[in-house]
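Okay, here's what each chain looks like letter by letter:
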Amino acid sequence: MPDQFSLLLEWRRSEAATRNLAKIPHDFYTSTAAYLADVRRSYEADLRENPSGRKGEISRQTYQRAGQVARDIVEGRAQKILTIAFQTSIGGARELPNALPEEREVYARVLATLFEHRRVTAPYLEYQGGPTPASANPVPALSPGSPAPVGPVVRPPTVSPTARTAAPVFVRVLQDGRPIEVGSETIDLRREDVLSLPPETAQLLVQAKVAEPVETGTGHSNIT
C-alpha cells in the first residue's frame, strides 16, 4: 500500500489533469492534517535529540514537501469550486461531482453570496440575458453518485409569484427521501446534498426534519 506522501503526489497529479474536481478520499482533509501533524512531531523530536542528525533533516524536508503538495491540492480544488459556483450563478451547470462535504458547504456559501450580490447590486441582469427570477435559484444537485430514491414525487404547495422572487434558502439534506418538484424541476433528496430552494419549500423540509438550514454569508438562513 502506498505511503501517505505518495498518495498526496498521486492526488495532485489527478487534480491537475482535469478541469473538474478529481475523485479523492472522503476523509482527505482530516487524514492529511493528521499525517502532516504526525510528520512534524517526528522531525521536531529527531532534531531535539540530534540537531545535526541526518534523520531529522530528512523528516523536516518530507514535511515541507508534503505540505506544499497538500496546499496545491487544496488550492486547486478551491479555485475550481469558485469557478463552478460562478458559472452556476449565471445559469451554468448545477452539479459538483466528487465534492467532499467541506467543499459542498463552501460552494453553497459562495453561491449564496453571488446571488445576493446580483440581487442587490444589479437586479437588471435578471432581465437582460441573465437567468429569470424563477430560474435564478439553481438547485445544486450535489449527489455523491448514489442512485436516486425510488418513489412517487412529492409536490409541495404551489409557490406564489412573489415568493419565487425571494432570495434562495440553502439547506443540507439529512436523509435520503422522495423526489420533490420545485417549479418545472424534479429534485432528488440525497443525504449530505446542499440545495438552494424557495423559502416555503425549504421550510417544509426543515419542519419535516428531512433537512437543516445552512447559514450563508449574510449570517442567517432565512428560515424561521
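Structure's up top.
Not measured: the values here are computed from a predicted model.

A.B. asks: Would you mind showing me how to read the overall build of the protein here?
C.D. replies: Counting its secondary structure elements, the protein contains six helices and five strands. When the elements of the protein are put in sequence order from the N terminus, they spell out α-α-α-α-α-β-β-β-β-α-β. Split into buried and exposed, the 224 residues of the protein put 36% on the buried side. Taking all contacts inside the protein whose residues are at least 6 apart in sequence as the whole, residues at least 24 apart take part in 68%. Of the roughly 12,900 Å² of accessible surface on the protein, 53% is carried by carbon and sulfur atoms.

A.B. asks: Just to check I follow, could you spell out the pairing of strand β1 (residues 169-173) for this structure?
C.D. replies: Looking along a regular strand, one sees side chains alternate from face to face of the sheet. Taking burial as the measure, the five residues of β1 include five buried ones, the bulk of the element. Of the two faces of β1, both are covered, the one formed by Val 169, Val 171 and Val 173 as well as the one formed by Phe 170 and Arg 172. Direction of pairing for β1 relative to strand β4 (residues 194-197): antiparallel, over a ladder of four bridges. Opposite Arg 172, over in β4, you have Val 194 as the bridge partner. When β1 meets strand β5 (residues 211-213), the two strands line up antiparallel, connected through three bridges. Residue pairing for β5: Arg 172 is matched across the bridge by Glu 212.

A.B. asks: Honestly, the packing of helix α1 (residues 4-16) against helix α2 (residues 28-49) in this entry has me stumped. Any pointers?
C.D. replies: α2 packs onto α1 with a crossing angle of 135° between their chain directions and a minimal axis gap of 11 Å. Between α1 and α2, the angle is such that the two are oblique. In this structure, α1 meets α2 at a crossing whose hand is left-handed. On α2, the residues touching Gln 4, Phe 5, Leu 8 and Trp 11 of α1 are Phe 28, Ser 31, Thr 32 and Tyr 35.

A.B. asks: Explanation requested: the packing of aromatic side chains in the structure shown.
C.D. replies: Both the distance between ring centres and the angle between the ring planes are used here to describe each pair of aromatic rings. Here the structure, examined in full by the defined rule, presents three aromatic pairs. Judged by centre distance (5.1 Å) and plane angle (75°), the rings of Phe 28 and Tyr 29 are edge-to-face. Taking the relative accessible area as the measure of exposure, Phe 28 reaches 1% and is therefore buried. Using a relative accessible area of 24% as the deciding quantity, one classes Tyr 29 as partly exposed. Judged by centre distance (5.6 Å) and plane angle (45°), the ring pair of Tyr 43 and Tyr 63 falls under tilted.

A.B. asks: What is the right way to read the packing of α1 against helix α3 (residues 54-89) from this model?
C.D. replies: Each pair of packed helices gets described by two things: the angle between the helix axes and the distance between those axes. Interaxial distance between α1 and α3 falls to 10 Å at its minimum, and their mutual angle equals 30°. With respect to their mutual orientation, α1 and α3 come out roughly parallel. Where α1 crosses over α3, the handedness of that crossing is left-handed. Note on element contacts: α3 touches α1 through Thr 62, Arg 65, Ala 66, Val 69, Ala 70, Asp 72, Ile 73, Arg 77 and Lys 80, opposite Phe 5, Leu 8, Leu 9, Trp 11, Arg 12 and Glu 15. Taken together, the residues of the contact of α1 with α3 sort by class into eight nonpolar, one polar and six charged.

A.B. asks: Before we go on, may I ask you to explain helix α4 (residues 101-121) in this structure?
C.D. replies: Residues separated by three or four positions in an α-helix point in the same direction, a consequence of the helix having 3.6 residues per turn. Under the 1.5 Å per step criterion, the end-to-end length of α4 is 30 Å for 21 residues, consistent within 8% with the ideal 30 Å. Those residues of α4 that fall on the buried side of the exposure criterion are Glu 103, Arg 104, Tyr 107, Ala 108, Leu 111, Ala 112, Phe 115 and Arg 118.

A.B. asks: Would you mind going over the sheet that holds β1 with me for this structure?
C.D. replies: Working definition: the strands of a sheet are paired by backbone hydrogen bonds and lie parallel or antiparallel to each other. The three strands are arranged β4-β1-β5 in an open sheet whose pairing can be described as antiparallel. Only two strands of the sheet have a single neighbouring strand rather than two, namely β4 and β5. Here the strands of the sheet are splayed against their neighbours by 35° on average, with no regard to which way each runs. Across the sheet, α4 lies against β1 and β4, angled at about 165° from β1, the strand it touches most.

A.B. asks: Quick question: what am I supposed to make of the pattern of salt bridges here?
C.D. replies: For the structure shown, the criterion picks out twelve salt bridges. Of the charged contacts in the structure, one is a salt bridge between Asp 38 and Arg 41, with a shortest N-O distance of 3.7 Å. Residue Asp 38 and its partner Arg 41 are located together in helix α2, separated by three residues, close to a single helical turn. Note on Asp 38: relative accessible area 43%, which makes it partly exposed. Residue Glu 44 is joined to Arg 40 by a salt bridge in which the shortest nitrogen-to-oxygen separation is 3.0 Å. Taken together, the residues span about one helical turn, with Glu 44 and Arg 40 both in helix α2 at a distance of four residues. Through salt bridges with shared partners, a single network forms among Glu 15, Arg 77, Lys 80 and Glu 103.

Rules of the game
- Residues numbered from 1 in each chain as written.
- Predicted model: local features only at pLDDT ≥ 70, side-chain atom pairs only at ≥ 80, totals over all residues.
- Heavy atoms only, no water.
- Helix = DSSP H or I, 4+ residues; strand = E, 2+ residues; numbered from the N terminus.
- Buried < 20%, exposed > 50% of the residue type's maximum accessible area, 1.4 Å probe, protein only.
- Contact = heavy atoms within 4.5 Å.
- Areas by Shrake-Rupley, 256 points an atom, 1.4 Å probe, with all protein chains shown as cover.
- Pairing = 2+ DSSP bridges.
- Axes fitted to C-alpha atoms, helices over the stretch in contact; angles between N-to-C directions.
- Parallel < 35°, antiparallel > 145°, perpendicular 65-115°, else oblique.
- Left-handed = near helix turned anticlockwise from the far one by under 90°.
- Phe/Tyr/Trp six-rings, centres within 6.5 Å; stacked < 30°, edge-to-face > 60°.
- Nonpolar A, V, L, I, M, F, W, Y, C, P; charged D, E, K, R; others polar.
- Expected span 1.5 Å × (residues − 1).
- Salt bridge = Lys/Arg side-chain N within 4 Å of Asp/Glu carboxyl O.

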